[in-house]
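Structural characterization, general
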Amino acid sequence: MTYLFRKSLSDRITDIGIYTILTLFGLATLFPIYYVCVVSITPYSEVLRNGGFLLIPKTITFEAFDAIFSSATVPKALNITILITVVGTALNLFVTTLLAYPLSKKYLPGRNAVLLGIVFTMLFSGGLIPTFLTVKATGLMNSIWALIIPGLVSTFNMLIMKTYFESLPSEIEEAAKVDGCGDAATLFKIVLPLSMPIIATLGLFYGVNHWNAYFAGIMYLNDRDLYPLQVVLRNMIVTPSVSQELAVPQSQLSALPPESIKMATVVVAIIPVIVVYPFLQKYFIKGMLLGAVKG
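Quick caveat: nothing in here was measured; it's all calculated off a predicted structure. Throughout this document, residue positions are counted from 1 along each chain, in the order its sequence is written. Residue-level local features of this predicted model are given only where pLDDT is at least 70; pairs of side-chain atoms are given and counted only at 80 or more, and the full residue set underlies all totals for whole chains, interfaces and linings. Hydrogens are left out, water is left out, and the side-chain values use all remaining heavy atoms of the structure.

Quick notes on the overall build of the protein chain
- Across its full length, the protein chain holds 14 helices and zero strands.
- Tracing the protein chain from N to C terminus, the helices and strands come up as α-α-α-α-α-α-α-α-α-α-α-α-α-α.
- For the exposure calls, accessible area comes from a 1.4 Å probe over protein chains only, and a residue counts as buried if that area is under 20% of its type's maximum, exposed if over 50%, partly exposed in between. The buried share of the protein chain, taken over its 295 residues, is 37%.
- Using a 1.4 Å probe, accessible areas were evaluated by the Shrake-Rupley method; residue-level cover was limited to the displayed protein chains. Counting only carbon and sulfur atoms, one obtains 69% of the accessible surface of the protein chain, whose full area is about 17,500 Å². For the purposes of this entry, the term helix denotes a DSSP run of H or I that reaches at least four residues, the term strand denotes a run of E that reaches at least two, and both are numbered from the N terminus.

And the structure:
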């Protein structure tokens, strides 16, 4: 039997109001990205003629992208950022999994003491100077490992993964052990295939964090050849000469204003995340719901 529910007039008005508000918030979020993309492919003279505000460009040019990719700085920084993101995210997930899985077992000796010590770091940290001295003492300065190892595990992400592991039926692991699987085989052959939603979710968290990181690069890197893309973009904003940051002659950029080059670099920095996110969205939502509440 099929039941049809009719919404009252007040319910319809409420729905319209909610959808209108959500649409406005969505447009307010997307508009800055759209504006940056438009300015990056529009001649800056046209932007100035419209008072700096432009929605639909009449002329499209990719000279700014040609300029940043013809230099060695941006492609090299992009490669460094991709390397840090891929390697860092893989190591983050590996170490976080190895830490969260045993802590999800209530029979683990000393489990509560270890959890207390880990959670304590969420409230109190060593601070910027002790962290810098530790990185320097361990020989990580001026190395891409300085951008990966100090933040190898996020306490928040580890607790989410631990909660997810606790929500898995214990009977599955017991059956695996009856079949002769050890703890490592149970983790990698049984638990991890069932945990793809939370792995994809935390992978997105770690990946975006590595992709957008710039402060660690400023703190720990002195070699400009090791600068990630966000550090290069930051230097473009604060430096008086974009050509100096791109290491190209000023005459090569004479026809391009610095704003167009900056906008093009911003587009290069944000497009990969925007492209990857839709493929992980379903895992992201499912992983957050299952990882946040046990049961």
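Some thoughts on the pattern of salt bridges
- By convention in these notes, a salt bridge is any Lys or Arg side-chain nitrogen within 4 Å of a carboxyl oxygen on Asp or Glu. Enumeration over the complete set of coordinates arrives at three salt bridges.
- Residue K76 pairs with D225 through a salt bridge whose shortest N-O separation is 3.3 Å. With a gap of 149 residues between them, K76 in helix α4 (residues 73-103) and D225 in the loop between α11 (215-220) and α12 (229-238) connect regions that are remote in the sequence.
- On the basis of relative accessible area, K76 is assigned to the partly exposed category, the value being 36%.
- Across the pair E166 and K162 runs a salt bridge whose closest N-O atoms are separated by 2.9 Å.

Digging into the nonpolar core
- Definition used in this section: a nonpolar core is a set of buried Ala, Val, Leu, Ile, Met, Phe, Trp, Tyr and Cys residues joined via side-chain atoms within 4.5 Å. Core analysis: the biggest nonpolar cluster contains 26 residues, and F65, I68, I84, L229 and V268 have the highest contact counts within it.
- Elements with a minimum of two residues in this core: α3 (63-70), α4, α12 and α14 (258-292).
- The residues touching L229, leaving out its near neighbours within four places in the chain, are V74, A77, L78, T81, T265, V268 and A269.
- A100, Y101, I198 and I199 belong to the second-largest nonpolar core, a separate cluster that totals 19 residues. By definition in these notes, contact holds between two residues if any of their heavy atoms fall within 4.5 Å.

A few points about the packing of aromatic side chains
- When two rings of Phe, Tyr or Trp (its six-membered ring) have centres within 6.5 Å they constitute a pair, described as stacked for plane angles under 30 degrees, edge-to-face for angles over 60, and tilted for the intermediate range. This structure, assessed with the given rule, holds five aromatic pairs.
- Relative to Y220, the ring of F132 has its centre 6.2 Å away and its plane inclined at 20 degrees; by these criteria the two rings are stacked. Remark: Y220 occurs in helix α11 and F132 occurs in helix α6 (residues 128-137); sequence separation between them is 88 residues.
- For F132, a relative accessible area of 24% puts it in the partly exposed group.
- Overall, Y220 belongs to the buried group, its relative accessible area being 7%.

Structural notes on α12
- α12 sits mainly inside the fold: seven of its ten residues count as buried.
- Within α12, burial applies to L229, Q230, V231, V232, L233, N235 and M236.

Thoughts on the packing of α4 against helix α9 (residues 183-194)
- Their axes nearest at 12 Å, the elements α4 and α9 cross at an angle of 110 degrees. Classified by the interaxial angle, the pair formed by α4 and α9 is roughly perpendicular. Considering the relative orientation of α4 and α9, their crossing is right-handed. Every residue of α9 that contacts α4 at F94, T97, L98 and Y101 is listed here: D183, T186, L187, F188, V191 and L192.
- A class-by-class count of the residues in the contact of α4 with α9 yields seven nonpolar, two polar and one charged. Lines fitted to C-alpha atoms define the axes here, with helix axes fitted over just the stretch in contact, and angles between the N-to-C directions of these axes take values from 0 to 180 degrees. Working rule for angles: under 35 degrees goes down as roughly parallel, over 145 as roughly antiparallel, 65 to 115 as roughly perpendicular, anything else as oblique. Whether a crossing is left-handed or right-handed is set by the direction in which the near helix is turned from the far one by less than a right angle, anticlockwise for left-handed and clockwise for right-handed. All amino acids are sorted into three groups, where Ala, Val, Leu, Ile, Met, Phe, Trp, Tyr, Cys and Pro are nonpolar, Asp, Glu, Lys and Arg are charged, and the leftover types, Gly among them, are polar.

A word on unusual backbone geometry
- A positive phi angle is found at N142, which is not glycine, with a value near 60 degrees.
- Relative to the helices and strands, N142 is located in the loop between α6 and α7 (155-167).

Brief notes about helix α10 (residues 196-212)
- The end-to-end C-alpha distance of α10 is 24 Å, a good match for the 24 Å that 17 residues give at a rise of 1.5 Å each.
- With twelve of its 17 residues buried, α10 lies for the most part within the structure.
- Buried residues of α10: P197, I198, I199, A200, T201, L202, G203, L204, Y206, G207, H210 and W211, and no others. By this rule, a helix spans an expected 1.5 Å times one less than how many residues it contains.

As for the side chain of T97
- In this fold, T97 is placed in helix α4.
- Between N or O atoms, a polar contact is any pair within 3.5 Å; within protein, one atom must be a potential hydrogen donor and the other a potential acceptor, and residues adjacent in sequence are included only when both atoms are from side chains. Within polar-contact distance, the side chain of T97 engages the backbone oxygen of L93 at 2.6 Å.
- Residues in contact with T97, not counting those within four places in the same chain, are P102, M161, F165, L187 and L192.

What about a nonpolar patch on the surface?
- Residues enter patches when they are more than 30% accessible in relative terms and free of salt bridges; like-charged ones are connected within 9 Å and nonpolar ones (Val, Leu, Ile, Met, Phe, Trp, Tyr) within 5 Å. Taken together, L30, I33, I271, I274, V275, V276 and F279 make up a surface patch of nonpolar side chains, about 620 Å² in accessible area.
- At five residues, α14 tops the list of elements feeding residues into the nonpolar patch.
- As for its placement among the helices and strands, I271 is situated in helix α14.
- By relative accessible area, which is 35% here, I271 ends up partly exposed.

As for the environment of S195
- Along the chain, S195 falls in the loop between α9 and α10.
- Judged by relative accessible area, S195 falls into the buried class, the value being 0%.
- Sequence separation between S195 and L168 is 27 residues, and the spatial gap between their C-alpha atoms is 8.8 Å.
- Leave out the neighbours within four places in its chain, and S195 touches Y164, F165 and L168.

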